[in-house]
Number of protein chains: 4
Amino acid sequence: MLEQLKEEVYAANMELPAADLVKFTWGNVSGIDREKGLFVIKPSGVDYADLTPDAMVVVNLQGEIVEGELNPSSDTPTHVVLYNAFPDIGGIVHTHAPWSVAFAQAGIDIPVSGTTQADTFYGDIPVTKQLTTAEIDGAYEEETGNVIVQTFKDRQLDPNQMGAVLVNDHGPFTWGKTPHDAVYNAVVLEEVAKMTYHTLQLNPHNIRVPQHLLDKHFLRKHGAGAYYGQK
Amino acid sequence: MLEQLKEEVYAANMELPAADLVKFTWGNVSGIDREKGLFVIKPSGVDYADLTPDAMVVVNLQGEIVEGELNPSSDTPTHVVLYNAFPDIGGIVHTHAPWSVAFAQAGIDIPVSGTTQADTFYGDIPVTKQLTTAEIDGAYEEETGNVIVQTFKDRQLDPNQMGAVLVNDHGPFTWGKTPHDAVYNAVVLEEVAKMTYHTLQLNPHNIRVPQHLLDKHFLRKHGAGAYYGQK
Amino acid sequence: MLEQLKEEVYAANMELPAADLVKFTWGNVSGIDREKGLFVIKPSGVDYADLTPDAMVVVNLQGEIVEGELNPSSDTPTHVVLYNAFPDIGGIVHTHAPWSVAFAQAGIDIPVSGTTQADTFYGDIPVTKQLTTAEIDGAYEEETGNVIVQTFKDRQLDPNQMGAVLVNDHGPFTWGKTPHDAVYNAVVLEEVAKMTYHTLQLNPHNIRVPQHLLDKHFLRKHGAGAYYGQK
Amino acid sequence: MLEQLKEEVYAANMELPAADLVKFTWGNVSGIDREKGLFVIKPSGVDYADLTPDAMVVVNLQGEIVEGELNPSSDTPTHVVLYNAFPDIGGIVHTHAPWSVAFAQAGIDIPVSGTTQADTFYGDIPVTKQLTTAEIDGAYEEETGNVIVQTFKDRQLDPNQMGAVLVNDHGPFTWGKTPHDAVYNAVVLEEVAKMTYHTLQLNPHNIRVPQHLLDKHFLRKHGAGAYYGQK
């Protein structure tokens, strides 16, 4: 069942330790088959070295396990919310990558301070509000998804142009058209978090790029007028 | 004698350079057989490349060498104190890992600023008071153990929920149910020290997570209601 | 056509990931044949792992593609401007290396604070002014080259003695007598950006070296009186 | 001639890139035969990959080349001064390791802030005064040695207990009983520079360890009462 997607999600999961984004089991990737309404996700707490495509768990958009002998990632309810709310995304990544986490713990956005971020993310990377006590005590992982979606609504962000968020007190989630694209965004996020941390120490004022430069860089890589690469 | 434990302690020692936590011989791991009241520890000042399971030294809970041709780690008296005071722990690690040491040298706790720390440590990682001149001039390594134990008493910390401490002016000790668990805690400690250092530079105020989030994350991985992983 | 130069430019491009200066496809190297008035440059958006000497694109000094099946780097118009304005340079590099980018995003020069920088760069590494909206909306990549050239004119810098620049809000360009020399300068730039970032955090005042030390170090490696190495 | 010493100095030079202390050719190690009054040093500007024991240059304590086809390191006159002034040392290292350079460029000592430094260096790592214009324009590399020696005299430091110095605006020199020991000290210096940089950002006040702790740690590893390791 969904053998090709399992291979793809497995490969994307294995990119995380290769890109130095995770320690131990601190990360997960999922990928969705939109036609079938099913997604494939890493099992919970399994070492990357022991992972196989067959170990992946199949889950439906109500969060029910459809296939798999292992428990899915404990973050599965967050993935369910995001797939339901953001209909164009095909893959989701969660990590505890340290530079991204530093901003999440500080509770501040990553301001778009240069073309590196502008090439991939159309603006500041948003941090969510903190979860309430009720949200934490309730369906915590589902509420984590809800607070992400609410952040995008409140700030009128387009998830197709902003493939990353920092959950306050926690860490990053990224997404993209495919599981691999979501990993790509996780790598870029970590790199721009590192760059911009140092920029803020050098110069805490007025580091955000002008809107025209943001438009130029994001749109030369994305959308109808893109001219980067071999397209 | 204790061949299996020696293998286990040897393997845990070798995890330290693999995890980039030590330079030269700056670290040691021990593991205890509670039934026999004996523990196994790395010999002093031996390069990791030259280490073998047979080189491990067996010590009793009075700090006497029971077996072994080499001197045990100079930190052995600290291990003795910790094994006697914390009856549930099965392994101990000491390193000079640089982010952990930065906090130890600064003499400040690592505040629990996100879920990464909360998943493993139930609160702030404590730093001990400085040793007195008398303690330094006396049985220094034993007094190092005593000041750790005193810190846990004074601050009413449970060593089973807080598997790490920073010895002021010195560096980290961690422990766990097994030698491997103690190494795991040393890796997590170093990672959260790095993350939280950067968080404090971005935002020095109010970065500690709410109690409910700490409870949620620590308890979903530890204790009766745990639901992380394949348990 | 230009087979040897293609090999040289290919090899210099492959030095970028080896020196940890690029992620994904975020960098490019070109090299010029001054007699023929043609330069060779990396194709746009191609993974380093898939690159071959044959994939390199040949461009003339009007920016027209002379040979090659792939699109050249989107930064090609910047290279054209620099080769035309700086007649002695033989190779150009662009990266998004993170320490260099941190200064570019902060919009501040890298002050010459020690002999490491003075050995290679004759003074502060300059940051350009920000591009205007008109420049961004117009021939953006060409204007990026123009703003670099204008910076060197305004500040009376000699491109043969200062082989690096930080484009504001963006990142570094470096150049040298050969493609390999340009990569060398990119590596040195990243290293001195890292060193001097930390120096500025330790001591923000008066860190620039005296002129006599700058002269001594730059000139013992460069120019008529050089006595470093096996010359 | 001095074949064994050449092997030893060659091996110590190769430790520098392995320990990530140098880029390109930015470092050199020498070692001395005190009976013969000759030392062996790396040739100038030769890549580590191309180095062989035979390429080492033999120099006497007047700084004259006694054997070798290549130019010795441009820092050779500094080594000459140090070997003459510090009669017990057997090896010298110079690098541009980035954390050490950050302090050298900032012109501040590395305060002894923990046991990691105290285990190897008996106090703060000193930074020299800046060289005068006359010193720079004169016999620059020799004057670099002189300013190191003057720093040790002025501050009444014992080179056998303080095997490192930071040359202002430049970078570190370290030494020890053997070339390998000098490299060991260079590695420790870089590690404590990194640790203490971060400590100073966390807590700029009162981070120096008490004298008793410094005495305890330095003396348990060095001198008559040492009890660390297998001695």
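Residues numbered from 1 in each chain as written. Chains lettered and ligands numbered in written order. Predicted model: local features only at pLDDT ≥ 70, side-chain atom pairs only at ≥ 80, totals over all residues. Heavy atoms only, no water.

**A short note on the overall build of chain A**
Note the following rule: A run of H or I in DSSP becomes a helix once it reaches four residues, and a run of E becomes a strand once it reaches two; helices and strands are each numbered from the N terminus. In this setup the radius of gyration rests on C-alpha atoms only. A globule is expected at 2.2 Å times the number of residues raised to 0.38. The buried label goes to any residue with under 20% of its type's maximum accessible area, the exposed label to any with over 50%, and the partly exposed label to all in between, with areas taken from a 1.4 Å probe on protein chains only.
When helices and strands are counted, chain A shows eight helices and seven strands. Whereas a compact globule of 231 residues would reach a radius of gyration of roughly 17 Å, chain A reaches 17 Å, a difference of no more than 12%. The principal-axis extent of the C-alpha atoms belonging to chain A is close to 50 × 50 × 30 Å. When each of the 231 residues of chain A is scored for burial, the buried share is 62%.

**Let's talk about the sheet that holds strand β3 (residues 57-60) of chain A**
Residues and elements named next belong to chain A. Rules: What makes two strands pair is DSSP finding at least two bridges between them. Lines are fitted to the C-alpha atoms to define the axes, a helix being fitted only along its stretch in contact, and any angle between axes, read from their N-to-C directions, falls within 0 to 180 degrees. The criterion used for residue contact is that any of the two residues' heavy atoms lie within 4.5 Å.
Read from one edge of the open sheet, seven strands run β4-β3-β2-β1-β5-β7-β6, paired in antiparallel fashion. In the strand order of this sheet, the two ends are held by β4 (65-67) and β6 (164-167), each with one partner. Pairs of neighbouring strands in the sheet enclose a mean axial angle of 25 degrees, with direction left out of account. Strand direction decides the pairing type here: strand β1 (residues 27-33) and strand β5 (residues 91-95), joined by five bridges, are antiparallel. Looking at the pairing, Gly-27 lines up with Thr-95 of β5. Relative to β6, helix α6 (residues 140-154) is tilted by about 125 degrees, and along the sheet it contacts β6 and β7 (171-176).

**Here we look at the UniProt feature "domain: Class II aldolase/adducin N-terminal" (unreviewed entry) in chain A**
Convention followed: UniProt positions are given in the numbering used here, feature names are shortened, and annotations may be inferred rather than shown by experiment.
Taken from the UniProt record, the annotation "domain: Class II aldolase/adducin N-terminal" (unreviewed entry) applies to residues 7-197 of chain A. For residues 7-197 of chain A, helix accounts for 39% and strand for 17%, while the C-alpha atoms at its two ends are 35 Å apart.

**Things to note about the interface of chain D and chain C**
This is how the line gets drawn: Buried area: the accessible area, evaluated with a 1.4 Å probe, that two parts lose upon being put together, summed over both parts. What qualifies as a polar contact is a pair of N or O atoms within 3.5 Å, subject to a donor-acceptor requirement within protein and to the restriction that residues adjacent in sequence count only when both atoms come from side chains. Residues are grouped as follows: nonpolar covers Ala, Val, Leu, Ile, Met, Phe, Trp, Tyr, Cys and Pro; charged covers Asp, Glu, Lys and Arg; every other residue, Gly included, is treated as polar.
If you look at the interface, chain D gives 33 residues, while chain C gives 31 residues. When the two sides are added together, the surface that chain D and chain C hide from each other amounts to roughly 2900 Å², 57% of it contributed by carbon and sulfur. Counting the contacts that link chain D with chain C gives 14 residue pairs in polar contact (both at pLDDT 80 or more). Where the side of chain D that touches chain C is concerned, the elements lending two or more residues are α3 (98-106), α5 (133-137), α6 (140-154) and α7 (179-202) of chain D. It is α3 of chain D that provides the largest number of residues to the side of chain D that touches chain C, a total of seven residues. Of the residues contributing to the side of chain D that touches chain C, the split by class is 16 nonpolar, twelve polar and five charged.

**Quick look at the relation of the copies chain A and chain B**
One copy of the chain maps onto the other through a rotation about an axis plus a displacement along that axis. Filter applied, for reference: We superpose the copies by least squares over the C-alpha atoms of residues that have a pLDDT of at least 70 in both of them.
Superposition record for chain A on chain B: RMSD 0.0 Å, screw rotation 90 degrees, translation along axis 0.0 Å. The two molecules are tied by a four-fold rotation axis, judged by turn and shift. In terms of proximity to the rotation axis, the leading residue of chain A is Gln-201 of chain A, whose C-alpha is 5.8 Å off the axis. Of all interface residues in chain A, a mere 6% are interface residues in chain B too; the two copies therefore contact each other through different surfaces.

**A closer look at the pairing of strand β6 (residues 164-167) of chain C**
Residue and element names in this part refer to chain C. Side chains Ala-164 and Leu-166 of β6 all project onto a buried face; the interleaved residues Val-165 and Val-167 project onto the opposite face, where all are buried too. Alignment of β6 against strand β7 (residues 171-176), held across four bridges, turns out to be antiparallel. Counterpart to Val-167 in the pairing with β7 is Gly-171. Taking the residues that link successive antiparallel strands as the turn, the β6-β7 hairpin has three residues, and the phi of Asp-169 there is positive, at about 65 degrees.

**What to know about the relation of the copies chain D and chain C**
Expressed as a screw operation, the relation of chain D to chain C combines 0.0 Å of axial shift with a rotation of 90 degrees, fitting to an RMSD of 0.0 Å. Of the interface residues in chain D, just 6% have counterparts in chain C that sit at the interface too, so the contact is made through distinct surfaces.

**Overview of the arrangement of the chains**
Contact between chain B and chain C is absent, and the least distance between their C-alpha atoms amounts to 11 Å. These two, chain A and chain D, are apart from each other, with no contact and a minimum C-alpha gap of 11 Å.

**Details of the interface of chain A and chain B**
Our working rule: By convention in these notes, a salt bridge is any Lys or Arg side-chain nitrogen within 4 Å of a carboxyl oxygen on Asp or Glu.
In this assembly, 33 residues from chain A lie in contact with 31 residues from chain B. For the chain A and chain B pair, buried surface summed over both sides reaches about 2900 Å², with 57% attributable to carbon and sulfur atoms. Taken together, the links from chain A to chain B amount to two salt bridges. Note that Glu-141 of chain A and Arg-220 of chain B form a salt bridge whose closest N and O atoms lie 2.4 Å from each other. Linking chain A with chain B are 14 residue pairs in polar contact (both at pLDDT 80 or more).

**A word on the sheet that holds strand β5 (residues 91-95) of chain C**
All names here are of chain C. On the basis of which strands lie adjacent, the open sheet formed by seven strands has the order β4-β3-β2-β1-β5-β7-β6 and antiparallel pairing. What marks the edges here is a single partner per strand, and that holds for β4 (65-67) and β6. Taken pair by pair, the neighbouring strands of this sheet meet at an average axis angle of 25 degrees, ignoring direction. Pairing of strand β3 (residues 57-60) with β4, which is carried by two bridges, proceeds in the antiparallel orientation. Paired with Val-58 across the bridge in β4 is Glu-67. Together, β1 (27-33), β2 (38-41), β3, β5 and β7 form the strand contacts of helix α2 (residues 76-85), whose direction differs from that of β2 by roughly 145 degrees. In this fold helix α7 (residues 179-202) packs onto β1, β5, β6 and β7, with an angle of close to 140 degrees to the strand it touches most, β7.

**Describing unusual backbone geometry**
For Leu-2 of chain A, which is not glycine, the phi dihedral falls at a positive 55 degrees. For Leu-2 of chain A, the position within the fold is in the segment before α1 (3-18). For Leu-2 of chain A, a relative accessible area of 12% puts it in the buried group. With a phi angle near 55 degrees, Asn-206 of chain C is a residue other than glycine that sits in the positive phi range. Relative to the assigned elements, Asn-206 of chain C resides in the loop between α7 and α8 (211-221).

**As for the pattern of salt bridges**
The full count for this structure, using the stated rule, is 36 salt bridges over all chains. Close ionic contact of Lys-36 of chain C with Asp-33 of chain C constitutes a salt bridge, the shortest N to O distance being 3.6 Å. Here Asp-33 of chain C falls in the buried class, since its relative accessible area comes to 18%. Taking the shortest distance from any N to any O, the salt bridge between Arg-155 of chain D and Asp-109 of chain D comes out at 2.5 Å. With Arg-155 of chain D in the loop between α6 and β6 (164-167) and Asp-109 of chain D in the loop between α3 and α4 (115-118), this pair connects stretches of sequence that are 46 residues apart. Since its relative accessible area comes to 21%, Asp-109 of chain D is described here as partly exposed. Through salt bridges with shared partners, one network takes in Glu-3, Lys-6 and Glu-67 of chain A.

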